[in-house]
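# Structure at a glance
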Amino acid sequence: MARQRAPERLVNDQLWELLEPLIPQPPAAKNGRTGRPRVDDRAALEGILFVTETGIAWKRLPTQLGFGSGITCWRRLRAWQEAGVWDKLHHAVLEKLGQEGLLDWSRACLDSVSVRAKKGGELTGSNPTDRAKLGTKYHLLVTADGLPLAVAITGANRHDSMLVEPILDGLAPVKGRGRGRPRRRPGKLHADKAYDNRRVRRYLRRRGITARIARIGVDSSERLGRHRWVVERTISWLLAFRRLAIRYDRSATTITAVATLAITVICARRLPRKDY
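Keep in mind it's a predicted model, so treat the numbers as computed, not measured.

## Notes on the confidence of the model for the protein chain
Scored by pLDDT, the protein chain has a mean of 90; 91% of the residues are at 70 or more. The least confident element of the protein chain, judged by mean pLDDT, is helix H7 (residues 225-239) at 90; the most confident is strand S4 (residues 148-155) at 98.

## Section: a positive patch on the surface
Side chains of Arg198, Arg202, Arg205 and Arg206 sit close together on the surface and give a patch of like positive charge. Examined against the element boundaries, Arg206 turns out to sit in helix H6 (residues 198-207).

## Things to note about helix H9 (residues 252-268)
Along an α-helix, residues three or four apart share an orientation, since each turn contains 3.6 residues. With 17 residues, H9 extends 24 Å between its outermost C-alpha atoms, agreeing within 8% with the 24 Å of an ideal straight helix rising 1.5 Å per residue. Among the 17 residues of H9, 14 are classified as buried, and the element is accordingly described as predominantly covered.

## Let's talk about the packing of aromatic side chains
Here the structure, examined in full by the defined rule, presents 2 aromatic pairs. Each ring, one from Phe50 and one from Phe67, has its centre 5.9 Å from the other, and the planes form 45°; the classification is tilted. With Phe50 in helix H2 (residues 41-54) and Phe67 in the loop between H2 and helix H3 (70-82), this pair connects stretches of sequence that are 17 residues apart. For the pair formed by Phe50 and Phe67, the shared burial category is buried.

## With respect to the side chain of Asp130
Within the fold, Asp130 resides in the loop between strand S2 (125-126) and strand S3 (134-143). Of the polar contacts made by the side chain of Asp130, one reaches the side chain of Arg116; its length is 2.9 Å.

Definitions and limits used
Residues numbered from 1 in each chain as written. Predicted model: local features only at pLDDT ≥ 70, side-chain atom pairs only at ≥ 80, totals over all residues. Heavy atoms only, no water. pLDDT = per-residue confidence, 0-100. Helix = DSSP H or I, 4+ residues; strand = E, 2+ residues; numbered from the N terminus. Patch = residues over 30% accessible without salt bridge, like charges linked within 9 Å, V, L, I, M, F, W, Y side chains within 5 Å. Areas by Shrake-Rupley, 256 points an atom, 1.4 Å probe, with all protein chains shown as cover. Salt bridge = Lys/Arg side-chain N within 4 Å of Asp/Glu carboxyl O. Lys, Arg positive; Asp, Glu negative; His and termini not counted. Charge placed at Lys NZ, Arg CZ, Asp CG, Glu CD. Expected span 1.5 Å × (residues − 1). Buried < 20%, exposed > 50% of the residue type's maximum accessible area, 1.4 Å probe, protein only. Phe/Tyr/Trp six-rings, centres within 6.5 Å; stacked < 30°, edge-to-face > 60°. Polar contact = N/O pair within 3.5 Å; in protein donor to acceptor, adjacent residues only side chain to side chain.

The structure is reproduced here in structure tokens:
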């Protein structure tokens, strides 16, 4: 039987350099006993990303690939989520992009997509567009050129307009080029008719964000995608991570970590290449 070869490295050096300082120290040994050798953090990250991209079950991750067991990767994913590592990594990538002048804050687009939750769990709800089957909704905010600034997860029955305030209020300041103030809001927000209500428009006006929201019964559907196509494209990038395309993880901690890692990788792909 031919020996199974490990795939090409999934985590480039730039992403690893940003992540490594954020990883908390492993727990100290008890009574001088260290137990089994700890799986290398970078190898565990490779395993986490392999599962995220392929959609394979955690328990079925082949140990021959050199990532450690799937359960080890799953535990590392959750431990880093609880320590805030994934959010910090996403913010670090955004700041790198900002320093390179690659974040276009002139306008942002907001939209959502629902996927089926095969095993139920937290952050699920009856999907009104899928015969009331349990589903999860990903709410995605992207820049004018489609880089994801934030992702939020709810049940599929949650109305899109309810996520405008928590997503925009949750944006951390991102430094750009020069000495200007860090940015934490776009100049304009483009969204479809699901976001057309007075509460959303009042909130955007209070934040100094120009609303570019399609009006129910007024705006024609022919021109609705002129600026919002970028978020549809980014949603397709998000669902290319097969662990997100159909949800099997029941825990809110796990699915949130996977989604945050996915948008971080999407952003990291836009970083300029370095010659090492």
